[in-house]
Amino acid sequence: MTSNTSSGLNVIALISGGKDSLYSILHCIRNGHQVVALANLHPPIRSDESQQEDMDSFMYQTVGYKVIPLYETALGIPLYRAPITGGAVDTSGVYRNDAEDQTAESVPGHDDDETESLIPLLRRIKREHPSANAVSAGAILSTYQRTRIENVAGRLGLVPLAWLWMYPHLPPPEERKGSSDSIPPSDTGLLDDMASCGCESRIIKVASGGLDDDFLWGNVASQDGQTRKQIAKAMRRFAAEDLRGAVLGEGGEYETLALDGPDFLWKQRIVVEERDRQVRKGDGGVSYVTITEAKCVPKAANAASIQPESVRLPSRLDDSFERALNEIRTRSEAYQEDSIADLQPTTITRRSQADIGITQSSDGSLWAISNLTAPEAGPGAGEQMNGISKKLEQILESYTDPRHRRRAPEDIVFATVLLRSMEDFASVNGVYVSLFKKPNPPARVTVACGDSLPDGVEVMASFVVDLGPRDMRQGLHVQSRSYWAPANIGPYSQAITVPSSPGQAIESGGGLVFIAGQIPLDPASMEVADGLSTDEDTWFENFSLHATLSLQHLWRIGVAMRVDWWLGAVVFLANDQ
């Protein structure tokens with residue numbers, strides 16, 4: 001499991017024993033990263049030295065916890081464990097949503113939340129493995145789980161990885177396109193992909209209408225697909241909303257235990273004999289398997305064993321964007337000839353700082369503060385950003401409309417940051433981040449403008465402030481690497497929605513969505529897709545991919561925010577330098 005890229009991460013894999021957390025490890029390796037440790041939280045040991053098999057936890061799977069120690073031998077990766085402490089104290093969709101500082105070491109009312117159990121465990125692993133710089137988890141559609149792991153990762157300086165995020169909604173891998181199976185591929189696609197690389201994951205708990213004891217110990221990743229078909233059939237009768245999530249067990253419909261997988265990860269397989277399994281009944285129609293004994297056994301040598309590159313990846317582009325890209329490329333010669341014929345030199349008239357003053361405008365629900373600069377703060381971009389932040393806070397504090405409370409940086413929903421040079425981004429961002437301590441910071445676009453900025457101005461910023469209640473907004477801030485869209489690691493969200501009508505909920509009255517600027521990053525690597533080409537023969541192919549991918553990122557974010565009417569967009573193009 002050695003990283004095959006110089007930029008590979010050293011990953012701590014959070015495992016529950018379930019299919020998703022173990023399958024995520026395969027994607028860590030597939031993407032060139034090294035898994036250096038496994039981390040697991042188990043039920044606390046009670047006074048009589050017993051442990052509760054099926055805890056009522058919002059965050060962690062505990063059924064099958066007795067098998068977890070075997071993963072160290074089965075995978076050949078060191079395992080670290082700790083007891084779950086506390087309970088589901090903070091049950092909001094976004095973790096620490098009301099905290100003054102979501103990254104603080106301690107937040108009143110949150111210290112007894114079960115999420116905090118991860119902090120000492122991961123710190124211990126980091127001491128044992130100082131090179132560890134990332135953490136992976138199996139979140140698929142659960143914002144609840146993802147935001148908690150991202151919060152913990154951010155506080156510990158770890159890169160969060162959620163390879164399966166939104167997986168059911170992504171375009172299928174090439175190997176699955178055109179499937180003639182009777183089940184729509186999008187319903188069981190993730191399970192099909194697990195089966196394709198030899199995974200074995202057994203159902204050990206059922207907790208949904210339509211799933212009874214007969215489903216227990218069924219293999220959701222079997223080659224014949226029978227269990228998957230039976231689950232899909234049962235869920236069609238009982239899943240009220242997202243069938244794909246239900247088929248994958250995302251709503252707790254069932255839980256699994258991973259026992260085997262491809263040889264490049266699984267050095268041995270885990271075996272549980274029938275005599276060592278017992279079915280137990282819980283409340284509300286819940287049934288689960290308790291395991292009295294399990295063991296690791298060697299795997300037979302297999303010359304044709306599955307390699308990391310055989311782990312399926314979602315296709316890069318959705319079908320509609322793939323078609324758009326192909327259409328653009330088939331007309332490439334006409335586009336290039338037209339664009340060259342229409343090109344005219346553009347002269348930019350540079351304006352002095354005196355000509356560009358701060359402007360403010362409001363329609364009663366939104367407040368725009370534009371063209372903030374601070375050249376007097378010093379020659380450096382970081383110094384000037386510090387001056388801008390002070391001016392911004394003074395302007396916000398001066399807000400006196402009696403209909404609304406005083407405004408603060410947390411009320412900013414969109415920011416535009418213009419730099420003279422992108423080399424100043426780090427110094428500017430270091431100051432910018434200090435403004436935003438709460439979850440879902442504003443969506444943001446940052447652009448380097450070169451000498452288009454006035455003399456002496458290294459950074460200029462503009463902000464849109466929401467004048468409504470904070471709890472009526474909605475935000476999307478995915479910080480984990482995945483295949484879905486670029487991660488927004490740091491002080492900006494993918495999107496923020498505010499009510500269209502002041503005082504009326506977005507669900508009933510609609511909303512206005514501010515989406516962050518998007519560039520053609522490959523979401524999994526967070527690097528520019530296929531690099532930058534200046535070759536005369538390939539630049540258009542490269543440019544068209546980048547344009548299409550950037551638009552797809554916008555579109556996917558819009559879909560996640562339920563956008564149905566696009567009011568406008570701004571496109572920034574680099575010059576020929």
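Residues numbered from 1 in each chain as written. Predicted model: local features only at pLDDT ≥ 70, side-chain atom pairs only at ≥ 80, totals over all residues. Heavy atoms only, no water.

- The chain is annotated in an unreviewed UniProt entry as Diphthine--ammonia ligase from Rasamsonia emersonii.
- UniProt, in the comment section headed Catalytic activity (unreviewed entry), describes the chain in these words: "diphthine-[translation elongation factor 2] + NH4(+) + ATP = diphthamide-[translation elongation factor 2] + AMP + diphosphate + H(+)". (UniProt positions renumbered as here; feature names shortened; annotations may be inferred.)

### Description of the environment of Ala300
Thought 1: You can see Ala300 is positioned in the loop between strand S11 (295-298) and helix H8 (319-330).
Thought 2: You can call Ala300 exposed: its relative accessible area is 66%.
Thought 3: A C-alpha to C-alpha distance of 10.0 Å links Ala300 and Lys267, two positions 33 residues apart in sequence. (Helix = DSSP H or I, 4+ residues; strand = E, 2+ residues; numbered from the N terminus. Buried < 20%, exposed > 50% of the residue type's maximum accessible area, 1.4 Å probe, protein only.)

### Looking at the sheet that holds strand S6 (residues 200-206)
Thought 1: Sheet architecture is open: 4 strands sit in the order S7-S6-S10-S9, paired in antiparallel fashion. The open sheet has two edge strands with one neighbour each: strand S7 (254-260) and strand S9 (277-281). Between one strand and the next, the sheet's axes are offset by a mean angle of 40°, whatever the strand orientation.
Thought 2: Relative to strand S10 (residues 287-291), S9 runs antiparallel, the two being bridged by 5 bridges. Bridge assignment links Lys281 to a residue of S10, and that residue is Ser287. (Pairing = 2+ DSSP bridges. Axes fitted to C-alpha atoms, helices over the stretch in contact; angles between N-to-C directions.)

### Focus: the nonpolar core
Thought 1: In terms of nonpolar packing, the biggest core is built from 79 residues, with Tyr23, Ile25, Leu38 and Tyr71 touching the most fellow members.
Thought 2: Top element by residues in this core is helix H1 (residues 19-30). It accounts for 6 residues.
Thought 3: Not counting residues up to four positions away in its chain, the partners in contact with Tyr71 are Ile15, Gly17, Leu22, Leu38, Gly76, Leu257, Ala258, Trp266 and Ile270. (Core = buried A, V, L, I, M, F, W, Y, C linked by side-chain atoms within 4.5 Å. Contact = heavy atoms within 4.5 Å.)

### Digging into the state of the cysteines
Thought 1: Inspection of the entire model under this criterion finds 0 disulfides.
Thought 2: With no disulfide of its own, Cys199 has Cys197 as its nearest cysteine by sulfur position, at a separation of 3.9 Å.
Thought 3: Its relative accessible area of 10% is what places Cys199 among the buried residues. (Disulfide = S-S within 2.5 Å.)

### Comments concerning the packing of H8 against helix H13 (residues 539-560)
Thought 1: The N-to-C vectors of H8 and H13 enclose an angle of 155°; their axes lie 10 Å apart at closest approach. With respect to their mutual orientation, H8 and H13 come out roughly antiparallel. Judged by the twist between their axes, the crossing of H8 over H13 is right-handed. Residue-level contacts link Phe321, Leu325, Ile328 and Arg329 of H8 to Phe540, Glu541, Ser544, Leu545, Thr548, Leu551, Gln552 and Trp555 of H13.
Thought 2: When its residues are assigned to classes, the contact of H8 with H13 shows 7 nonpolar, 3 polar and 2 charged. (Parallel < 35°, antiparallel > 145°, perpendicular 65-115°, else oblique. Left-handed = near helix turned anticlockwise from the far one by under 90°. Nonpolar A, V, L, I, M, F, W, Y, C, P; charged D, E, K, R; others polar.)

### Re the sheet that holds strand S3 (residues 79-83)
Thought 1: Strand order in the open sheet formed by 5 strands is S3-S2-S1-S4-S5, with parallel pairing between adjacent strands. This sheet does not close on itself; its edge strands, each paired only once, are S3 and strand S5 (159-161). Mean inter-strand twist for the sheet, computed between neighbouring axes without regard to direction, equals 25°.
Thought 2: In the sheet, strand S4 (residues 134-136) pairs with S5 via 3 bridges, with the strands oriented parallel.

### Things to note about the packing of helix H3 (residues 118-128) against helix H4 (residues 143-156)
Thought 1: Where H3 meets H4, the axes come as close as 11 Å, and the angle between the chain directions of the two elements is 45°. Here H4 runs oblique to H3, going by the angle between their axes. The chirality of how H3 crosses H4 is right-handed. Of the residues in H4, those touching H3 at Leu118, Ile119, Leu122, Arg123 and Lys126 are Val152, Arg155 and Leu156.
Thought 2: In the contact of H3 with H4, the residues fall into 5 nonpolar, no polar and 3 charged.

### Quick notes on a nonpolar patch on the surface
Thought 1: Residues Trp539, Phe543, Val571 and Leu573 make up a contiguous nonpolar surface patch of about 430 Å² in total accessible area.
Thought 2: Topologically, Leu573 is positioned in the segment after H13.
Thought 3: Its relative accessible area of 64% is what places Leu573 among the exposed residues. (Patch = residues over 30% accessible without salt bridge, like charges linked within 9 Å, V, L, I, M, F, W, Y side chains within 5 Å. Areas by Shrake-Rupley, 256 points an atom, 1.4 Å probe, with all protein chains shown as cover. Salt bridge = Lys/Arg side-chain N within 4 Å of Asp/Glu carboxyl O.)

### Examining the pattern of salt bridges
Thought 1: Per the counting criterion, the structure on display carries 24 salt bridges.
Thought 2: When the shortest N-O distance is used, the salt bridge between Glu105 and Arg123 registers 2.9 Å. Highlighted residues: Glu105 in the loop between S3 and H3 and Arg123 in helix H3, separated in sequence by 18 residues.
Thought 3: The exposed category is assigned to Glu105, whose relative accessible area is 52%.
Thought 4: Taking relative accessible area as the criterion, Arg123 reaches 31% and is therefore assigned partly exposed.
Thought 5: A salt bridge links Arg146 to Glu150; the nearest nitrogen and oxygen atoms lie 2.9 Å apart. Of this pair, Arg146 and Glu150 both sit in helix H4, 4 residues apart, which is roughly one turn of the helix.
Thought 6: Taking the relative accessible area as the measure of exposure, Arg146 reaches 4% and is therefore buried.
Thought 7: Given the relative accessible area of 3%, Glu150 is considered buried.

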